[in-house]
Amino acid sequence: MTTTSKKRTLAKKIPELKDHDIHPITGFLPSDPLPLRPWELVLDDLQRLLLAGRLRERVRSLPLLEVTQLKSLREWQRAYLVLSFLGQAYVWGKNEPAEERVPKCISIPWLQTCDKLDMKPIITYAGVELYNFKLLDPTGPWDLSNLCILHTFSCSMDEAWFFLVSIAIEAAGAPALPAIVKALHAIENDDLKSLKEALTVVAEVTEKLKGILVRMYEKTDAHVFFNRVRPYMNGWEKSDDLPNGVLYEGVLSAKNGVPNGLKTDVGVYGKYSGGSAGQSSLIHVLDAALDIIHAPMRGSDPAKSINFIHEMRNYMPGPHRKFVYAISDSYSIREYVENLSPKADGTADLITLFNKCVEGMKAFRNTHIQMVSVYIVSQANKRKDVGNAGIPAEVQTERLQNGLLARGTGGTNLIPFLKQSRDETIAAVIPSSK
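Residues numbered from 1 in each chain as written. Predicted model: local features only at pLDDT ≥ 70, side-chain atom pairs only at ≥ 80, totals over all residues. Heavy atoms only, no water.

Regarding its fold elements, the protein chain presents 18 helices and five strands. The 434 residues of the protein chain split such that 55% are buried. Counted over contacts in the protein chain with a minimum sequence separation of 6, partners at least 24 positions apart contribute 77%. Counting every atom, the protein chain has about 19,300 Å² of accessible surface; 53% of that belongs to carbon and sulfur. (Helix = DSSP H or I, 4+ residues; strand = E, 2+ residues; numbered from the N terminus. Buried < 20%, exposed > 50% of the residue type's maximum accessible area, 1.4 Å probe, protein only. Contact = heavy atoms within 4.5 Å. Areas by Shrake-Rupley, 256 points an atom, 1.4 Å probe, with all protein chains shown as cover.)

Next up, the structure:
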């Protein structure tokens, strides 16, 4: 039986999950519990210290935290979570001017931890999502009925639910990862039966994503999110408050390009985008597997050769980022299916399944656009209408004004960017005339 109309000339490498810190059941989510460290007492009091205006004082009093005692990968991930929460809260404070300098008692171990995990010294999706949960019942399901968030900045259920919805999406998407690897092996072996089985799983996953995302409306209030949660997700790459970025005290040299800014006698500056759902390795892998190509944003700097989405890959844990690129560099599922002989048994079914995968991603992105309109754009417009009414001039900060802009925490202009991403998703559909 002839299956393809175009022969592959070069063998491609197919990545293995275990080589990229990916669990076959839980995907990008770690599968074992987090350890606790004695110096987490500051994180336990984070909201109380922020409210009292004493967080920075408490952090500065900490001794230089040692990371030499960290052994397992989960311990390093825990250290990154704790230090990122402390660093982010230290920089942004609570209704106070942003702090440019991160003291060496946390900046040095923060950078050491980032070097170990191949990450950036700023809060990321991995920090607030992948490393920030536990199961209420360790033997129970990996869904919203059994997931619990460990830490928030605001101590609100709205923030906890905001994080939990993304964690639930990661958990629901986990089966797609081994299925994608299976699909690549099926292509290598011209095994249409296995390819169909794999695409069926991926299609089921992409179809679920929208249904989980819309649950955000259930327990996350848009006003609370925009005004109490989102400010702590902001970065300092394009910040009017921090034009030079953040100075990591005691860090006197850059390693692997981190930090990436000006060098001084007391430390090195770094400029980084904030935490964003655009850093989800799951969504990037699905895009890569389905040949959803994202071009530089229309009207952006002509010198930019990559899309904002691709920039966000730099904020993933190193093994996850490498897995995304490994999927991109391996066989093209779309090309293989599109080039199947029309007369081959199962060709029509495979095209339908592939397009179902893409349609699921389109529906997910449409829902995301609607959600951003509710949670960010409409809230920004409300603040434009009322301005800073009722807030005394002497306590207003630049961030109150900057908060009026409907931009992502990574600094991008949201709605045009999201619509372009949605349109690029639709373009991956294999034409029905095939």
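Running from N to C, helix α8 (residues 176–188) and helix α12 (residues 281–289) point in directions that differ by 25°, and their axes come no closer than 11 Å. Taken as axis vectors, α8 and α12 run roughly parallel relative to one another. The hand of the α8/α12 crossing is left-handed. Residue-level contacts link A176, L177 and I180 of α8 to L282, V285, L286 and A289 of α12. Considered class by class, the residues forming the contact of α8 with α12 number seven nonpolar, no polar and no charged. (Axes fitted to C-alpha atoms, helices over the stretch in contact; angles between N-to-C directions. Parallel < 35°, antiparallel > 145°, perpendicular 65-115°, else oblique. Left-handed = near helix turned anticlockwise from the far one by under 90°. Nonpolar A, V, L, I, M, F, W, Y, C, P; charged D, E, K, R; others polar.)

Following the criterion strictly, the structure yields two cavities of 30 Å³ or more and no others. Roughly 40 Å³ of volume is contained in the second largest cavity. Lining the second largest cavity, in full, are F28, Y125, A126, L130, E170, Q279, S280, S281, Y315, M316 and P317. (1 Å grid on protein atoms, 1.4 Å probe; cavity = no way out; pocket = protein on both sides within 12 Å on 5 of 7 lines; lining within 4 Å. Points joined across faces, edges and corners; volume = space filled by probe spheres on them.)

Together, V214, Y217 and V374 make up an exposed nonpolar region whose accessible area comes to about 220 Å². Along the polypeptide, V214 turns up in the loop between α9 (192–213) and α10 (216–219). Under the relative-accessibility criterion, V214 is labelled partly exposed at 32%. (Patch = residues over 30% accessible without salt bridge, like charges linked within 9 Å, V, L, I, M, F, W, Y side chains within 5 Å. Salt bridge = Lys/Arg side-chain N within 4 Å of Asp/Glu carboxyl O.)

Within the largest apolar cluster, 136 residues are counted, with the highest numbers of intra-cluster contacts made by L195, W236 and I333. When residues of this core are assigned to their parent elements, the largest contribution, 14 residues, is made by helix α16 (residues 347–386). When near neighbours in sequence (up to four residues on either side) are disregarded, I333 contacts A183, L184, I187, L195, L199, A289 and F354. (Core = buried A, V, L, I, M, F, W, Y, C linked by side-chain atoms within 4.5 Å.)

What follows concerns the side chain of S239. Along the chain, S239 turns up in the loop between α11 (222–229) and β4 (246–249). Overall, the relative accessible area of 10% leaves S239 in the buried class.

Per the counting criterion, the structure on display carries 17 salt bridges. Between D45 and R48 there is a salt bridge whose closest N-O contact spans 2.8 Å. D45 sits in the partly exposed class, given a relative accessible area of 24%. What makes R48 exposed here is its relative accessible area of 55%. Between K255 and D115 there is a salt bridge; the shortest N-O distance is 3.3 Å. You can see K255 sitting in the loop between β4 and β5 (267–270) and its partner D115 sitting in helix α5 (residues 104–117), a full 140 residues away along the chain. Taking the relative accessible area as the measure of exposure, D115 reaches 34% and is therefore partly exposed. Salt bridges sharing common partners tie together D45, R48 and R58.

Residue V258 is joined to P259 through a cis peptide bond whose omega torsion reads -10°. Relative to the assigned elements, P259 resides in the loop between β4 and β5.

Moving on: the packing of aromatic side chains. Summed over all chains, the structure comprises twelve aromatic pairs. Taking 4.6 Å as the distance between ring centres and 40° as the angle between the ring planes, the aromatic pair formed by F162 and F225 counts as tilted. Residue F162 is found in helix α7 (residues 157–173), and its partner F225 is found in helix α11; the two are separated by 63 residues along the sequence. Their ring planes at 85° and their centres at 5.9 Å tell us that F225 and Y375 sit as a pair that is edge-to-face. One end of the pair, F225, is in helix α11; the other, Y375, is in helix α16, and 150 residues separate them in sequence. Of note, R56 hangs over the ring of Y90, and the distance from its end group to the ring centre comes to 6.0 Å. (Phe/Tyr/Trp six-rings, centres within 6.5 Å; stacked < 30°, edge-to-face > 60°. Lys NZ or Arg CZ within 6 Å of the ring centre and 35° of its normal.)

Considered for burial, the residues of α11 that qualify are A222, F225, F226, N227 and V229. Two or three places before H223, at the opening of α11, D221 has a side-chain oxygen 2.9 Å from that residue's backbone nitrogen. (Polar contact = N/O pair within 3.5 Å; in protein donor to acceptor, adjacent residues only side chain to side chain.)

Looking now at the pairing of β4. Side-chain alternation along β4 places V246 and Y248 on one buried face and L247 and E249 on a second face that is also buried. Relative to β4, strand β1 (residues 101–102) runs parallel, the two being bridged by two bridges. If you follow V102 over to β4, its bridge partner there is Y248. Note: β4 against β5, four bridges, orientation antiparallel. Paired with V246 across the two strands is G270, which belongs to β5. (Pairing = 2+ DSSP bridges.)

Orientation of α7 relative to α9, taken along the N-to-C sense of each, is 165°, at an axis distance of 9 Å. One element, α7, and the other, α9, form an angle in the roughly antiparallel class. Judged by the sense of rotation from one axis to the other, the crossing of α7 with α9 is right-handed. Touching V165, A168, I169, A172 and G173 of α7 are V205, L209, I212 and L213, all from α9. Classifying every residue of the contact of α7 with α9 gives eight nonpolar, one polar and no charged.

Mapped onto the elements of the fold, L290 is located in the loop between α12 and α13 (308–311). It is 7.8 Å that separates the C-alpha atoms of L290 and C357, two residues lying 67 residues apart in sequence. Ignoring anything within four residues of it in the chain, the contact list for L290 reads R334, F354, C357, V358, M361 and A428.

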